[in-house]
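In case you want the letters, here they are:
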Amino acid sequence: MNRKDQKEQIEALLKQMTLEEKTDLIHGSGFFRTKGVERLGIPGVVSSDGPMGVRMQFPDDSWVPVGDSDDYVTYNPSNSALAATWNPELAYESGKVLGEEARGRGKDVILAPGINIKRDPRCGRNFEYMSEDPYLNGTLAVPFIKGVQECDVAACVKHFAVNNQETDRLAIDTYVDERALREIYLPAFKAAVQEGGSYSIMNAYNQFRGHFCSESKELLDDILRDEWKYDGAVISDWGSTHSTKGVAECSMDMEMSITTDFDAYYLANPLREAVRKGEISEACVDAKVRNILRMMFRLKMLGEQAPNRKQGAYNAPEHRQSTYQVAKESIVLLKNEPAGTAGERLLPLTAETLAMKPIMGNDGSVISVKKHRIVVIGDNAERIHAAGGGSAEIKALYEISPLLGLKMALGGNVDIAYAPGYYVPEPKTKVEDLVNWQEKSLEQRVMSDDTPDTEEKKALRREIEANRAKLRKEACELAQTADTVIFVGGLNHYYDIESRDRADMKLPYAQDELIAELLKIRPDTIVVMVGGSPVEMPWAAQAKALVWCYYSGMETGNALADVLLGRVNPSAKLPETFPVAYTDTVTYKNGEFGNEGRVEYKEGIFVGYRYYEKEGIKPAFPFGYGLSYTQFSIEDLQVLSAPDASWAITVNVKNTGNMAGAEVVQCYISDPVCSVERPVKELNAYQKVFLQPGEEKQVTIPLTERGFVYYDVERKAFVTEPGEYVVSVGNASDNCLLQECIVL
Ligand code: BGC
């Protein structure tokens, strides 16, 4: 249907609707659905979380899941894992899996992707977000959205905007200067709606410059609609609306919330009354209905295309394969240093290392064999993560834990023993866990909360400490029996969770002490960290092999085993900086300790590596960093200019080692002389290059405008100043040895 026909149909439908019916389209009548207008054949819109898979089914009016067996789904890698792949094709595939599953489960809108900037490593929802860099964020969000929407499901990119902390998330008033807003916090949203064509967008809970995002004229009317010409639907975050007039008179189209008094929602009876009394114009209602109907036409929920709407599928075998592809490219090798007398690296664990060793008899014949013994230590080796994290939780069809993955990969000829190593106190009942995820974890309440000690708290603390000591002793004893020790720890969804930020960047459950002890007993311990946000790793200098694994979906264990065993060559790069300590971060420097009420982003545009590079703070692991089992050379940088004034670079990338692998060529731009302060450099473009051993490719990477422009607050526009720009190319933000100049 062309735009004109669609417009006419929308107007025709609108004309037939009563005010009551119109408002039925613009507010929830169940937690995840609107009512629709049956009389006119308009169905309700059904939505679901979230980024890691289609969430379990809820009744319309209760937050206790239905609990049937038909809502198990594919568990996708989290957005943080996806971002670590630096691979837009995988972002597209991942979006497509999510879209197909959502459609398969009968959903119209999937509440994903989450693309808020990772400003503070403590943010509880960082695992749901992609990066600290707006460009990387946008280049992954766009194909992800296209993948989702190809399945006749709307993406709902969230949370618009400047929603970068969970503390006081429902009310925090965020102040960010105009330049930082335009250069850091908005670009990925702009790309998501303009290039990705996201059919819907979710406003954030927080306030922006004194107004709730659900009724921010500045964000929704001026920027989203007027400047970006967005004609999709704006959906409120659940319970983010605060008034009838404010929301009705700005470009927020569909009010969703968490309470069951659906008729009392701001855009339900209160709006009807206000319109009848003439306090709010019906034109405001019509504008919202138009946006929603337009989205429904695009989804083929209405109109002549409706019989052709895709049916989707969930739990399809190819979805599982796709999650594996993402997972294997999302695991970051942080350290792999020579160890032992022969100077060999600990990873990958080769077949030779793991082979059974013959036990010889006196006569020189083989009597039997001794199996290689791997001792796996750490709660995260065993933990299932899919069901946690807040609204991103899902009921995964399965989740391969790291321990299961290793056992499946190695079979019966390797002896694998396991010890939990550290103690994770669990809530008393599963229901408590399911419904009360917004409360602090038991560990936090008992071990790190500053509320006064009660007898119950003291007893719980004693219990936790006793369990902790016992598990540590067992693990250390077991480690001494091993040929290889693998520690799998990190965070879990008691820490990486919606509605709560971490208090600091420390590893919970006294893991630091345990890891330090293990590294003393076994200096060749392979350390694997699982988590959604950086942690302090005070023992990192002692660890010879260190692997970072974001929550990587149902195939995490298989992918991790394949990386550890060298069946997959790691190719992920950090999509965010890992600072040495929380005290190195800009939010710490700003004096932000659990902001409430109001927060000012004093650092302006200097977020993530832009901050560390400006201040000369050396991080533990920089943005864009990640090792491989092979080596690459990147040489012969040339800058090319096309007649249309666009620029590109070419480089020769060669795999100089002996294993197939992939390198991410990263291109940064600096503007050394500028009338405003600029970052040391900014990511401008990147490309992941796959190479066989010895293979060499010349790659051409088109340059974007990132780094050549800055936002001029006076002129209210992005501008380029004439002069010399430096193009730096390499394989990590701290390793860009090739440089060329561009004069504009
Ligand atoms: C979250 C959203 C989510 C919504 C619906 C809110 O608490 O902030 O990201 O989509 O709930 O579950």
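What counts and what doesn't
- Residues numbered from 1 in each chain as written.
- Predicted model: local features only at pLDDT ≥ 70, side-chain atom pairs only at ≥ 80, totals over all residues.
- Heavy atoms only, no water.
- Helix = DSSP H or I, 4+ residues; strand = E, 2+ residues; numbered from the N terminus.
- Rg over C-alpha atoms; globule rule 2.2 N^0.38 Å.
- Buried < 20%, exposed > 50% of the residue type's maximum accessible area, 1.4 Å probe, protein only.
- Contact = heavy atoms within 4.5 Å.
- Areas by Shrake-Rupley, 256 points an atom, 1.4 Å probe, with all protein chains shown as cover.
- Lys, Arg positive; Asp, Glu negative; His and termini not counted.
- Charge placed at Lys NZ, Arg CZ, Asp CG, Glu CD.
- Polar contact = N/O pair within 3.5 Å; in protein donor to acceptor, adjacent residues only side chain to side chain.
- Axes fitted to C-alpha atoms, helices over the stretch in contact; angles between N-to-C directions.
- Parallel < 35°, antiparallel > 145°, perpendicular 65-115°, else oblique.
- Left-handed = near helix turned anticlockwise from the far one by under 90°.
- Phe/Tyr/Trp six-rings, centres within 6.5 Å; stacked < 30°, edge-to-face > 60°.
- Lys NZ or Arg CZ within 6 Å of the ring centre and 35° of its normal.
- Pairing = 2+ DSSP bridges.
- Core = buried A, V, L, I, M, F, W, Y, C linked by side-chain atoms within 4.5 Å.
- Patch = residues over 30% accessible without salt bridge, like charges linked within 9 Å, V, L, I, M, F, W, Y side chains within 5 Å.
- Salt bridge = Lys/Arg side-chain N within 4 Å of Asp/Glu carboxyl O.
- Near = heavy atom within 4 Å.
- Nonpolar A, V, L, I, M, F, W, Y, C, P; charged D, E, K, R; others polar.
- Arc of directions from axis to C-beta.
- Domains from an automatic or database assignment.
- Expected span 1.5 Å × (residues − 1).

A look at the overall build of the protein
Here's step 1: Along the backbone of the protein there are 21 helices and 30 strands.
Here's step 2: At 27 Å, the protein has a C-alpha radius of gyration in line with the 27 Å of a compact globule built from 744 residues.
Here's step 3: In terms of its C-alpha atoms, the protein occupies a principal-axis envelope of roughly 100 × 65 × 55 Å.
Here's step 4: The proportion of buried residues among the 744 residues of the protein is 62%.
Here's step 5: Look at the contacts in the protein between residues 6 or more apart in sequence, and 75% of them connect residues 24 or more apart.
Here's step 6: Summed over its atoms, the accessible surface of the protein is roughly 28000 Å², and 50% of this surface lies on carbon and sulfur atoms.
Here's step 7: Positive and negative side-chain charges of the protein, numbering 83 and 110 respectively, have mean locations separated by a distance of 1 Å.

Let's talk about the side chain of Q666
Here's step 1: As for its position among the elements, Q666 is in strand β24 (residues 661-670).
Here's step 2: A residue is classified by how much of its surface remains accessible, and Q666, at 0% relative accessible area, is buried.
Here's step 3: Side chain to side chain, Q666 and Y668 meet in a polar contact 2.7 Å long.

What about the packing of helix α14 (residues 402-410) against helix α19 (residues 556-564)?
Here's step 1: Running from amino to carboxyl end, α14 crosses α19 at an angle of 60°, the nearest separation of the two axes being 7 Å. Here α14 lies oblique to α19, going by the angle between them. α14 and α19 meet at a crossing whose hand is right-handed. Residues P402, G405, L406, M408 and A409 of α14 touch α19, and the partners they reach there are G557, N558, L560 and A561.

What to know about the packing of aromatic side chains
Working definition: an aromatic ring pair is given by the centre-to-centre distance plus the angle between the planes.
Here's step 1: By the definition in use, this model includes 26 aromatic pairs.
Here's step 2: Consider the rings of F31 and F262, whose centres lie 6.0 Å apart with planes at 65°: the pair is edge-to-face. One end of the pair, F31, is in the loop between β1 (28-30) and β2 (33-34); the other, F262, is in the loop between α9 (244-248) and α10 (269-276), with 231 residues separating them in the sequence.
Here's step 3: The buried category is assigned to F262, whose relative accessible area is 12%.
Here's step 4: Among the aromatic residues, those joined into a ring-pair cluster are F31, F32, F58, W63, W238, F262 and Y265.
Here's step 5: In this structure, K395 packs its charged tip against the face of Y72, placed 4.7 Å from the ring centre.
Here's step 6: It is K681 that lies over the ring of Y668; its NZ or CZ is 5.2 Å from the centre.

Description of the sheet that holds strand β26 (residues 696-702)
Here's step 1: Spatially, the three strands line up as an open sheet ordered β22-β23-β26, and their pairing is antiparallel. Of all the strands in the sheet, just β22 (632-641) and β26 have a single pairing partner and so form its edges. The sheet shows a mean angle of 20° between the axes of neighbouring strands, taken without regard to direction.
Here's step 2: The pairing of strand β23 (residues 647-655) with β26 spans seven bridges and is antiparallel. By the bridge assignment, K654 is partnered in β26 with E696.

Concerning the nonpolar core
Here's step 1: Membership of the largest hydrophobic core comes to 220 residues, with the highest contact counts inside it found for I42, F160, Y185, L293, M529, M537 and W539.
Here's step 2: Once you skip the residues sitting within four places of it in the chain, M529 turns out to touch F487, G489, G490, L507, I515, V535, M537, W539, L546, V547, W548 and C549.
Here's step 3: Core analysis: the second largest hydrophobic core is formed by six residues, Y423, L442, L460 and L471 among them.

Considerations on the sheet that holds strand β6 (residues 173-175)
Here's step 1: Pairing is mixed in the open sheet, where four strands are placed in the order β9-β8-β6-β21. Pairing within the sheet leaves two strands with one partner each, and these edge strands are β9 (211-212) and β21 (598-600).
Here's step 2: Direction of pairing for β6 relative to strand β8 (residues 207-208): parallel, over a ladder of two bridges. Paired with D173 across the strands is Q207, a residue of β8.

Some points on the pairing of strand β14 (residues 357-360)
Here's step 1: Bridge count for β14 against strand β15 (residues 366-370) is four bridges, and the pairing is antiparallel. Counterpart to M360 in the pairing with β15 is V366.

Side note on a nonpolar patch on the surface
Here's step 1: Judged by side-chain polarity, M356, M360, V366 and V369 come together as a nonpolar surface patch covering roughly 340 Å² of accessible area.
Here's step 2: The residue V366 is located in strand β15 in this model.

Side note on the site of the ligand
Here's step 1: Taken together, 14 residues form the shell around the ligand, and within it D49, R125, H159, D237 and E498 come nearest.
Here's step 2: In this structure, an oxygen atom belonging to the ligand sits 2.4 Å away from a side-chain N or O atom of D49.
Here's step 3: Separating an oxygen atom of the ligand from a side-chain N or O atom of D237 is a distance of 2.6 Å.
Here's step 4: Here the ligand has 310 Å² of accessible area as a free molecule, and 95% of this is covered by the chains.
Here's step 5: Grouping the amino acids of the shell around the ligand by side-chain chemistry returns five nonpolar, two polar and seven charged.

A look at α10
Here's step 1: Restricting attention to buried positions, one finds in α10 the residues L271, R272, A274 and V275. Viewed end-on, α10 has its buried residues packed into an arc of 165°, placing them on one side of the element.
Here's step 2: Elements in contact with the buried residues of α10: α2 (19-24), α9 and α11 (282-298).

Quick notes on the environment of Q305
Here's step 1: Take Q305: it is sitting in the loop between α11 and α12 (317-330).
Here's step 2: For the pair formed by Q305 and V66, sequence separation is 239 residues and the distance between their alpha carbons is 32 Å.

Describing the domain arrangement of the protein
Here's step 1: Along its sequence, the protein is carved into domain 1 (1-32 + 201-298), domain 2 (318-600) and domain 3 (630-743).
Here's step 2: Here the C-alpha centre of domain 3 lies 42 Å away from the C-alpha centre of domain 1.

Regarding the pattern of salt bridges
Here's step 1: Applying the stated criterion across every chain, the model contains 56 salt bridges.
Here's step 2: Across the pair R119 and E603 runs a salt bridge whose closest N-O atoms are separated by 2.6 Å. Of this pair, R119 sits in the loop between β4 (109-110) and α5 (134-149) while E603 sits in the loop between β21 and α21 (609-615), placing them 484 residues apart in sequence. Both residues of the pair, R119 and E603, belong to the buried class.
Here's step 3: Of the charged contacts in the structure, one is a salt bridge between R209 and E178, with a shortest N-O distance of 2.9 Å. You can see R209 sitting in the loop between β8 and β9 and its partner E178 sitting in helix α6 (residues 178-185), a full 31 residues away along the chain. For the residue pair R209 and E178, the accessibility class agrees, reading buried in each case.
Here's step 4: One salt-bridge network, held together by shared partners, links D133, R610, D671, R678, E682 and R706.

Things to note about unusual backbone geometry
Here's step 1: Cis rather than trans, the peptide bond between A112 and P113 has omega equal to 0°.
Here's step 2: Relative to the elements of secondary structure, P113 occurs in the loop between β4 and α5.
Here's step 3: We note that Y509 has phi near 65°; this positive angle belongs to a residue other than glycine.
Here's step 4: Y509 gets classed as buried once you look at its relative accessible area, which sits at 2%.

Things to note about the environment of S69
Here's step 1: Its place among the elements puts S69 in the loop between β3 (47-48) and α3 (79-84).
Here's step 2: Expressed as a C-alpha distance, the spacing of S69 and K395, which sit 326 residues apart in the sequence, is 9.5 Å.

Observations regarding helix α17 (residues 455-479)
Here's step 1: The first and last C-alpha atoms of α17 sit 36 Å apart over 25 residues, in line with the 36 Å expected at 1.5 Å per residue.
Here's step 2: What α17 keeps buried is the set K457, L460, I464, R468, L471, R472, A475, C476, L478 and A479.
Here's step 3: Contact partners of the buried residues in α17: β16 (372-377), β17 (414-419), α16 (442-448), β18 (484-490) and α18 (511-521).

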